[in-house]
Amino acid sequence: MTTVMAYVVGVSSSEAAWLSMVARSGQSEQEWTERLWPAAERAVRDYPRLRARYAAQRAGDTSGSNEETFEYGLQRVLDGLQTRLA
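Residues numbered from 1 in each chain as written. Predicted model: local features only at pLDDT ≥ 70, side-chain atom pairs only at ≥ 80, totals over all residues. Heavy atoms only, no water.

Participant: Is there a simple way to explain the pattern of salt bridges in this structure?
Facilitator: If charged atoms from side chains of opposite charge come close, those side chains can pair. Enumeration according to the criterion identifies 1 salt bridge in this entry. In this structure, Arg76 engages Asp79 in a salt bridge whose closest nitrogen and oxygen atoms are separated by 2.8 Å. In this pair, Arg76 and Asp79 both sit in helix H4 (residues 65-85), 3 residues apart, roughly one turn of the helix. In this structure Arg76 comes out as partly exposed when scored by relative accessible area, which is 37%. Here Asp79 falls in the partly exposed class, since its relative accessible area comes to 33%. (Salt bridge = Lys/Arg side-chain N within 4 Å of Asp/Glu carboxyl O. Helix = DSSP H or I, 4+ residues; strand = E, 2+ residues; numbered from the N terminus. Buried < 20%, exposed > 50% of the residue type's maximum accessible area, 1.4 Å probe, protein only.)

What follows is the structure in structure tokens.
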């Protein structure tokens with residue numbers, strides 16, 4: 001239970017921090033994200049696989065991706081716990 005709670009609290013805290021930062025900026029989430037892309041792209045310049053993932057994410061529709069990412073991560077946590085308990 002502690003592992004599941006740690007995952008849920010960690011993800012939700014990150015999401016809350018992001019939404020709070022966007023709200024304080026006075027910009028839309030899209031505008032704020034566009035401002036961050038150049039710095040993110042510089043940060044991954046030396047990492048081709050990560051750079052490719054960022055490029056794909058920037059080009060695609062990310063609506064709903066937070067929910068999908070949360071669900072995927074939670075399923076992996078539960079898979080790991082199931083394996084451990086077996």
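Participant: How do you make sense of the packing of aromatic side chains when you look at a structure like this?
Facilitator: The relative placement of two aromatic rings is captured by the distance of their centres and the angle of their planes. Within the structure shown, the criterion is met by 2 aromatic pairs. Seen in terms of ring centroids, Trp37 and Tyr54 are 5.8 Å apart; in terms of plane orientation they differ by 85 degrees. Their pairing is edge-to-face. Here the residue Trp37 occupies a position in helix H2 (residues 29-43), and Tyr54 occupies one in helix H3 (residues 48-59), the gap between them amounting to 17 residues. Above the plane of the ring of Tyr72 lies Arg76, whose end atom (NZ or CZ) is 4.6 Å from the centre. (Phe/Tyr/Trp six-rings, centres within 6.5 Å; stacked < 30°, edge-to-face > 60°. Lys NZ or Arg CZ within 6 Å of the ring centre and 35° of its normal.)

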